Amino acid sequence: QVQLEESGGGLVQVGGSLRLSCAASGRTLSSYTMGWFRQAPGKEREFVAQLFWSGGNTYYADSVKGRFTISRDNAKNTMYLQMNSLKSEDTAVYYCAALLARAIVPISASRYNNWGQGTQVTVSS
């Protein structure tokens, strides 16, 4: 089992930027697919971005494409989500997730079995 801990959330104005971090411990992540999801009040958890730790394609939701960038630092065992040009509709709790498998297409939240506790992102106008 891999433990995940998100950080970096906060309050930012429309058009601003934030970088979220997801620190992983307990396992080597070389065979893991990692994802970012978000959940706004009253809404279902939705896919944001995904990568395979050992390399390959990255995937983004259409709503964040061109504004968000997913990446990872192997030495720090940490995944990031750089969020630029933030909009009020980006307000949500952001979660990172891990699955011991190589996904070659975006996968749904129900497929992941390791989750962090979430970090709140609030974009104010």
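Let me sum up the structure you'll find in this document. Only a predicted model underlies this, so the values are computations on that prediction, with no experimental measurement involved.

Once that is clear, we can look at the nonpolar core. It is characteristic of soluble globular proteins that their nonpolar side chains tend to be buried jointly. Judged by nonpolar contacts, the single largest core of 39 residues is most densely connected at Met34, Trp36, Met79, Leu81, Met83 and Tyr94. Of all the elements in the fold, those that place two or more residues in this core are β3 (18-25), β4 (33-39), β5 (46-52), β6 (58-60), β7 (68-73), β8 (78-83), β9 (92-99) and β11 (119-124). With six residues, β9 is the largest single contributor of residues to this core.

Attention now goes to the environment of Cys22. Inspection of the secondary structure assignment puts Cys22 in strand β3. Other than its neighbours up to four places away in sequence, Cys22 contacts Leu4, Glu5, Glu6, Trp36, Asn77, Thr78, Met79 and Cys96.

Let us look at the pairing of β5. As a general feature of sheets, a regular strand has side chains that alternate between the two faces. Counted residue by residue, β5 has six buried out of seven residues, so it is predominantly covered. The pairing of β4 with β5 spans six bridges and is classified as antiparallel. Note that in β5 the partner of Trp36 across the bridge is Ala49. Hairpin connection between β4 and β5: a loop of six residues separates the two successive antiparallel strands, and Gly42 in this loop has a positive phi of roughly 80°. Between β5 and β6, which pair antiparallel in sequence order, lie five residues; one of them, Gly55, sits at a positive phi of approximately 120°.

Reading the values: rules and limits
- Sequence order sets the numbering: in each chain, residues are counted from 1 along the sequence as written.
- Since the coordinates come from a predicted model, pLDDT governs what is reported: local features require at least 70, and pairs of side-chain atoms require 80 or more to be given and counted, while whole-chain, interface and lining totals use all residues.
- Note: side-chain values were computed over all heavy atoms of the structure, leaving out hydrogens and water.
- Residues belong to one nonpolar core when they are buried, are Ala, Val, Leu, Ile, Met, Phe, Trp, Tyr or Cys, and are joined through side-chain atoms within 4.5 Å.
- Only protein chains enter the calculation, and the probe is 1.4 Å; a residue is then buried if its accessible area is under 20% of its type maximum, exposed if over 50%, and partly exposed in between.
- The helix and strand labels rest on DSSP assignments: H or I over at least four residues marks a helix, E over at least two residues marks a strand, and numbering proceeds from the N terminus.
- Contact definition: two residues touch when any of their heavy atoms are within 4.5 Å.
- Strands were regarded as paired on the criterion that DSSP finds at least two bridges between them.

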